[in-house]
Amino acid sequence: MALIVQKYGGTSVGDIDRIRNVANRVAKTRKEGNDVVVVVSAMSGETDRLIRLAQQAHETPDLREYDSLISTGEQASAALLAITLQSMGIPARSFLGSQIRILTDSAFSLARIQDVETKHLRRAIKAGVIPVVTGFQGVDRAGNITTLGRGGSDTTGVAVAAALKAHVCEIYTDVDGVYTTDPNLCPEARKLSRISYDEMMEMASLGAKVLQIRSVEFAKKYNVPIHVRSSFNDRSGTWVVKEDEKMEKVLVSGVTLNKNEARVTISGVPDKPGIASKIFTPISDAQNSSADGLADMTFTVPKADIKRALRLVKKTADSLQAREVLADENIAKVSIVGAGMVSHSGVASKMFTALAGENINILMISTSEIKISCVVEAKYGELAARVLHKVFGLEKGGLKKES
Ligand code: ADP
Ligand code: ASP
Ligand code: MG
């Protein structure tokens, strides 16, 4: 008998029929002799709706109240699934993050899970009751409701699986698994049967929203195998696991496109040590180019954070007597990811040449050991992703690493 954590995303619980479909899957898994713990997201569109309401009430809402509000979608779907299971004669009980005690820090809207208590979950499992856990939410030490960032139900799923030492965390979504690039964007995308934690982390951080990055960090840390699959069919999906020799040695494993970032440029700041850290400490992907003893600094932030970021940056810019602060939301970040590119020269130039071949101007570049990202004008984002997918042979299994 195995213990299986099943996380169902927004589309999978999007209406009552789909919730019934989920209940049938849960029932089947249990009938096969497994213990099941379910984690659910809000019904699709619900979190967005709640966020819009908050923004109508206040341009930059207080984040404690924001979390209280946007966490409610999961409460509704968890209770609905528990009711549906009960209607089928299967004992089930919904649990909020605070009821289980999914303890987080107090970073409202982006909280990190610190501990998951298992007492209530184990008691329910032992009594033959299926626990249905709200994803995305937790509680801090002071008892405030917190949320884990967009897509955070994945992280709840993996954290619950880690705490219970489950055999697997199944992530049920609206695609069949993790693809070489977003299959809704590029019809040639190929499903990967396996991907390493490290590659998946890069893909997630660069815009492949199929898994929240923190869920993969958790899975790697606690060695939880993740199986990403569709809730609409029985096909095997993608296993996210530790890297091993059997994994294909391709140069580039995937291409990602992130349209949710904005570029901020602070021009005319003094070009001397210490300035960058003052401005950028909380922000990634900073770049710096200099002329005439004054420098321009450019970085990207999630579009959702642009108002807050500009407020903070303008304060610092004023104190440094910088020339001006500019924001550009009309950008996209396209990236290639692959453990195979470690110490393999030529990958970057192949990428830049391919983009140049389509007359796509590169506005920013950033790299790590296993990824290269380029910021381009938003209108070229999808074309860039498709071109790179093709150039690195991903529709045919990927260009092999010559050793
Ligand atoms: P859920 O609501 O189930 O959590 P999400 O919308 O968060 O689902 O994530 C699934 C979506 O991720 C897919 O519909 C797909 O468009 C997108 N996606 C982006 N990149 C990839 C990729 N490389 N492989 C699979 N899906 C991807
Ligand atoms: N409902 C939350 C969101 O839309 C969490 C999730 O779906 O994982 O971001
Ligand atoms: Mg998601």
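The coordinates are above.
Residues numbered from 1 in each chain as written. Chains lettered and ligands numbered in written order. Predicted model: local features only at pLDDT ≥ 70, side-chain atom pairs only at ≥ 80, totals over all residues. Heavy atoms only, no water.

Hey, could you run me through the sheet that holds strand β20 (residues 371–377) in this one?
Either a parallel or an antiparallel arrangement is found when strands of a sheet pair, and the pairing is made through backbone hydrogen bonds. Across the sheet, four strands lie side by side as β13-β18-β20-β19; this open sheet has antiparallel pairing. Of all the strands in the sheet, just β13 (254–258) and β19 (364–368) have a single pairing partner and so form its edges. Direction aside, neighbouring strands of the sheet carry axes that sit 20 degrees apart on average. Bridge analysis of strand β18 (residues 331–337) against β20 gives seven bridges, and the strand direction is antiparallel. Bridge pairing in β20 places K333 opposite V375. (Pairing = 2+ DSSP bridges. Helix = DSSP H or I, 4+ residues; strand = E, 2+ residues; numbered from the N terminus. Axes fitted to C-alpha atoms, helices over the stretch in contact; angles between N-to-C directions.)

Sorry, what's going on with the packing of helix α7 (residues 153–164) against helix α9 (residues 213–222) here?
Each pair of packed helices can be described by the angle between their axes along with the distance between the axes. Closest axis-to-axis distance for the α7/α9 pair is 8 Å, and the angle between their directions is 15 degrees. In terms of their interaxial angle, α7 and α9 are classed as roughly parallel. Judged by the twist between their axes, the crossing of α7 over α9 is left-handed. Packed against α7, whose contacting residues are D154, T155, V158, A159 and A162, the element α9 presents R214, S215, F218, A219 and Y222 at the interface. Across the contact of α7 with α9, the residue classes break down as six nonpolar, two polar and two charged. (Parallel < 35°, antiparallel > 145°, perpendicular 65-115°, else oblique. Left-handed = near helix turned anticlockwise from the far one by under 90°. Contact = heavy atoms within 4.5 Å. Nonpolar A, V, L, I, M, F, W, Y, C, P; charged D, E, K, R; others polar.)

Would you mind showing me how to read the site of ligand 1 here?
Surveying the vicinity of ligand 1 reveals 18 residues, the closest of which are T173, D174, Y179, D182 and N184. In the model, a nitrogen atom of ligand 1 is placed 2.9 Å from a nitrogen or oxygen of the Y179 main chain. Taking K209, its side chain carries an N or O atom lying 3.1 Å from an oxygen atom of ligand 1. A total of 580 Å² of accessible area belongs to ligand 1 in isolation, and the protein chains cover 88% of it. Across the shell around ligand 1, the residue classes break down as eight nonpolar, six polar and four charged. (Near = heavy atom within 4 Å. Polar contact = N/O pair within 3.5 Å; in protein donor to acceptor, adjacent residues only side chain to side chain. Areas by Shrake-Rupley, 256 points an atom, 1.4 Å probe, with all protein chains shown as cover.)

Sorry, what's going on with the site of ligand 2 here?
S41, A42, T47, E74, F136, R150, G151, G152 and S153 make up every residue found near ligand 2. Within the side chain of T47, an N or O atom sits 2.8 Å from a nitrogen atom of ligand 2. Residue R150 places a side-chain N or O atom 2.7 Å away from an oxygen atom belonging to ligand 2. In the complex, 86% of the free accessible area of ligand 2, which totals 260 Å², lies under the protein chains. Within the shell around ligand 2, the residues separate by chemical class into two nonpolar, five polar and two charged.

Would you explain the packing of aromatic side chains in this entry?
Geometry of an aromatic ring pair is reported as the spacing of the ring centres plus the angle between the planes. This structure, assessed with the given rule, holds two aromatic pairs. Aromatic side chains Y8 and Y172 sit 4.6 Å apart centroid to centroid with 10 degrees between the ring planes, which places their arrangement in the stacked category. Taken as a pair, Y8 in strand β1 (residues 3–8) and Y172 in strand β9 (residues 168–173) lie far apart in primary sequence, 164 residues in all. The same class applies to Y8 and to Y172, which are both buried. (Phe/Tyr/Trp six-rings, centres within 6.5 Å; stacked < 30°, edge-to-face > 60°. Buried < 20%, exposed > 50% of the residue type's maximum accessible area, 1.4 Å probe, protein only.)

Just checking my understanding: could you explain the side chain of D140 for this structure?
Here D140 is to be found in the loop between β7 (137–139) and β8 (145–147). Among buried Asp, Glu, Lys and Arg side chains, D140 stands out as unpaired, with R64 the closest opposite charge at 7.1 Å. Here N144 takes part through its backbone nitrogen, which lies 2.8 Å from a polar atom of the side chain of D140. Non-local contacts of D140, meaning those with residues more than four positions away in its chain, are made with L103, T104, D105, S106, F108 and T146. (Lys, Arg positive; Asp, Glu negative; His and termini not counted. Salt bridge = Lys/Arg side-chain N within 4 Å of Asp/Glu carboxyl O.)

How do you make sense of the nonpolar core when you look at a structure like this?
Side chains that are nonpolar tend, in soluble globular proteins, to be buried together. Of all hydrophobic cores here, the largest spans 46 residues; its most connected members are M200 and V240. Broken down by element, the residue count for this core peaks at six residues, all from α7. Counting residues in each nonpolar core, the second largest holds 23 residues, with L251, M351, A354 and A384 among its members. (Core = buried A, V, L, I, M, F, W, Y, C linked by side-chain atoms within 4.5 Å.)

Could you clarify how one ought to interpret the pattern of salt bridges in this entry?
Any two side chains of opposite charge can pair, on the condition that their charged atoms come close. Using the criterion set out here, one finds 17 salt bridges in the structure. The partner of D154 in a salt bridge is K7, with the nearest N and O atoms 2.7 Å apart. With D154 in helix α7 and K7 in strand β1, the pair connects residues that are 147 residues apart, well separated along the chain. Residue D154 is classed as buried on the basis of its relative accessible area, which comes to 2%.

Keep in mind that these numbers describe shape and distance, not what the molecule does.
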